[in-house]
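Coordinate inspection notes
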Amino acid sequence: VSLAVVGATLEDETVSLRCEDGLIAALGPDVAPGDGDDVIDAGGALLSPPLVNGHTHAAMTLFRGYGDDLPLMRWLEEKIWPAEARLDADDVYWGTRLACVEMIRSGTTRFWDMYWEPEAGARAVRDAGLRATVGPPLIDAERDGARLREAAIETVESIAERGGHVSPALAPHAIYTVSEESLRWIADFSAERGIPVQIHLSETEREVADCIAEHGTRPAAYLDDVGLLGPATVLAHGVWLDRAELELIAERECTVVSNPVANQKLAVGGVFPYPAAREAGVRVGLGTDGPGSNNSLDLFADVKAFALIQKHAAADAAVVSARECWEVATGRRAPLLGARPLAAGEPADFLLLRRDAPELSLGDLTAGLVYSAGGSVVDTTVVAGRVLMSGGEVPGAGEVTAKARERAERLGVC
Ligand SMILES: [Zn+2]
């Protein structure tokens, strides 16, 4: 089925758009619907590229509001890890479906996920109609490299085989939870199979100190030594990266995803040095991190937090502009994350935003999107030419919420 959207606003011009086979077939002021198209009258709504969530643990919606306001290690050791030990595939499925409803509602159509039972997470993404890059956290605290390799190969193959809009990633949890031998294996496997890597890096100051003590070098240099700093790698956090590390990351064409809300909520004590990263030429995206530690998946909140913390840390209100922050949030400063431009021949992924929303009704539009708006300004979400939400309603959202609640109750976390 093909879709046509008429009467949308794009850069002060009235445009229409046709989608065929999941792609944008035509976009412009003179485009007309074809015979048999499903037609949406946008009524002047703003046509916008979707947001991209570069780092999350989607199924942790189940743990939202469980153990909040505890220090990081107590939150993990007393609350999250015992609950995760009871998780099964259906928990992950419904937790991820709930996350997808929230992302559809707030205009995120693509995300990078690291979580247990990744096949169930991937199935949830496919059923919800979104796009994601998914990998299980690879951990070999027991230094059991054989089990890690088996888990990595198995999930990569099963997720790649089912295809759809979900692709596999290798997700070594962090440099302190994976052995050097396994990190080297992951680097080789990633290069051999062309599979991207996502890893938490330089989130806390302690991670940096421990890395120097154990390996004699800072985290980014260590990751480079094991072969993992490359154009297919996403580094989540990067709070404590120094200038030399940023230069190395830029040279290796690696992507850093900043998670300003989760970093502040977990009180990591530092701020991702975005101005220095920009100067070095680092590719930067935006993430929420897991909904257990954010606790929202509405990236509009994170883009505002990103802008504010950067201005505040630099003591300079001009250090980042709304336009630049919006580019970070929509993945345009980090091609690896997968965002594509709104143009003919590209995937038909887009939003219609309420031009009549009070937050967007006057003043500069981009400033409105970054500083005033929340996800509630999203009226319509389309992925691959399929309407996942219109008029702010996601079909089936009530059932998903009820099922997720059942799973959280089963886990004893709500
Ligand atoms: Zn994370």
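The coordinates are above.
This is a predicted model, so every value here is computed, not measured.

**Examining the coordination of the zinc ion**
Of the protein atoms, only H55 (NE2), H57 (NE2), H200 (NE2) and D289 (OD) coordinate the zinc ion, at distances of 2.1 to 2.3 Å. The exposure class assigned to H200 is buried, which follows from its relative accessible area of 6%.

**A word on helix 3 (residues 118-128)**
Where helix 3 is concerned, the buried positions are P118, A120, G121, A122, A124, V125 and A128. Looking at the buried positions of helix 3, the neighbouring elements they touch are helix 2 (89-105), strand 7 (108-114), strand 8 (131-135), helix 4 (145-162), strand 10 (166-168) and strand 18 (386-389). Directly beyond the C-terminal end of helix 3, a positive phi value near 90 degrees is found at G129.

**Regarding the packing of aromatic side chains**
Under the defined criterion, the tally for this structure stands at five aromatic pairs. Ring plane angle 55 degrees and centroid distance 6.4 Å describe the contact between F272 and Y274, whose orientation is recorded as tilted. In this pair, the class of F272 matches that of Y274, namely buried. Through successive ring pairs, a cluster of aromatic residues spans F272, Y274 and F306.

**Some words on the packing of helix 2 against helix 3**
Between helix 2 and helix 3, the least distance of the axes is 8 Å, while the angle of their chain directions is 35 degrees. Considering how the two elements wind past one another, helix 2 and helix 3 form a crossing that is right-handed. Every residue of helix 3 that contacts helix 2 at A89, D90, V92, Y93, T96, R97, C100 and I104 is listed here: A120, G121, R123, A124, V125, D127 and A128. A breakdown of the residues in the contact of helix 2 with helix 3 according to their chemical character gives nine nonpolar, two polar and four charged.

**As for unusual backbone geometry**
The residue after N294, namely N295, is reached through a cis peptide bond having omega 0 degrees. Structurally, N295 is set in the loop between strand 15 (283-286) and helix 11 (299-314). In the Ramachandran plot, H237 falls in the positive-phi region, its phi being about 95 degrees despite a non-glycine side chain. Within the fold, H237 resides in strand 13 (residues 233-237). Judged by its relative accessible area of 0%, H237 falls in the buried class.

**Regarding the sheet that holds strand 10**
In space, the four strands of this open sheet follow the order 6-7-8-10, with parallel pairing throughout. The open sheet has two free edges, formed respectively by strand 6 (51-56) and strand 10, since each of these has just one partner strand. Strand-to-strand twist of the sheet, defined as the mean angle between neighbouring strand axes without regard to direction, takes the value 15 degrees. Pairing geometry for strand 8 and strand 10, over three bridges, is parallel. Bridge pairing in strand 10 places A132 opposite V166.

**Side note on the side chain of Q310**
Tracing the chain through its elements places Q310 in helix 11. A distance of 2.8 Å separates the side chain of Q310 from the backbone oxygen of F272, its partner in a polar contact. Beyond its immediate chain neighbours, meaning those up to four positions away, Q310 contacts V271, F272, Y274, P275, V319 and V320.

**Focus: the packing of helix 11 against helix 12 (residues 322-329)**
Taken N-terminus to C-terminus, the directions of helix 11 and helix 12 make an angle of 135 degrees; their axes are 10 Å apart at the nearest point. Regarding the angle of helix 11 to helix 12, the classification is oblique. Crossing of helix 11 over helix 12 shows right-handed handedness. Counted together, L299, F300, V303, F306 and A307 of helix 11 and C325, W326, V328 and A329 of helix 12 form the full contact between these two elements. A per-class count over the contact of helix 11 with helix 12 returns nine nonpolar, no polar and no charged.

**Concerning the pairing of strand 16 (residues 350-353)**
Looking along a regular strand, one sees the side chains alternate between the two faces of the sheet. Residues F350 and L352 point to one face of strand 16 and L351 and L353 to the other, with burial holding for every one of them. Pairing of strand 16 with strand 17 (residues 378-383), which is carried by four bridges, proceeds in the antiparallel orientation. From the neighbouring strand, F350 faces strand 17, where its bridge partner is V382.

Conventions we followed
Residues numbered from 1 in each chain as written. Predicted model: local features only at pLDDT ≥ 70, side-chain atom pairs only at ≥ 80, totals over all residues. Heavy atoms only, no water. Donors = N, O, S within 2.8 Å, 3.2 Å for Na, K, Ca; no water. Buried < 20%, exposed > 50% of the residue type's maximum accessible area, 1.4 Å probe, protein only. Helix = DSSP H or I, 4+ residues; strand = E, 2+ residues; numbered from the N terminus. Contact = heavy atoms within 4.5 Å. Phe/Tyr/Trp six-rings, centres within 6.5 Å; stacked < 30°, edge-to-face > 60°. Axes fitted to C-alpha atoms, helices over the stretch in contact; angles between N-to-C directions. Left-handed = near helix turned anticlockwise from the far one by under 90°. Nonpolar A, V, L, I, M, F, W, Y, C, P; charged D, E, K, R; others polar. Pairing = 2+ DSSP bridges. Polar contact = N/O pair within 3.5 Å; in protein donor to acceptor, adjacent residues only side chain to side chain. Parallel < 35°, antiparallel > 145°, perpendicular 65-115°, else oblique.

This is a description of form; function is not addressed.
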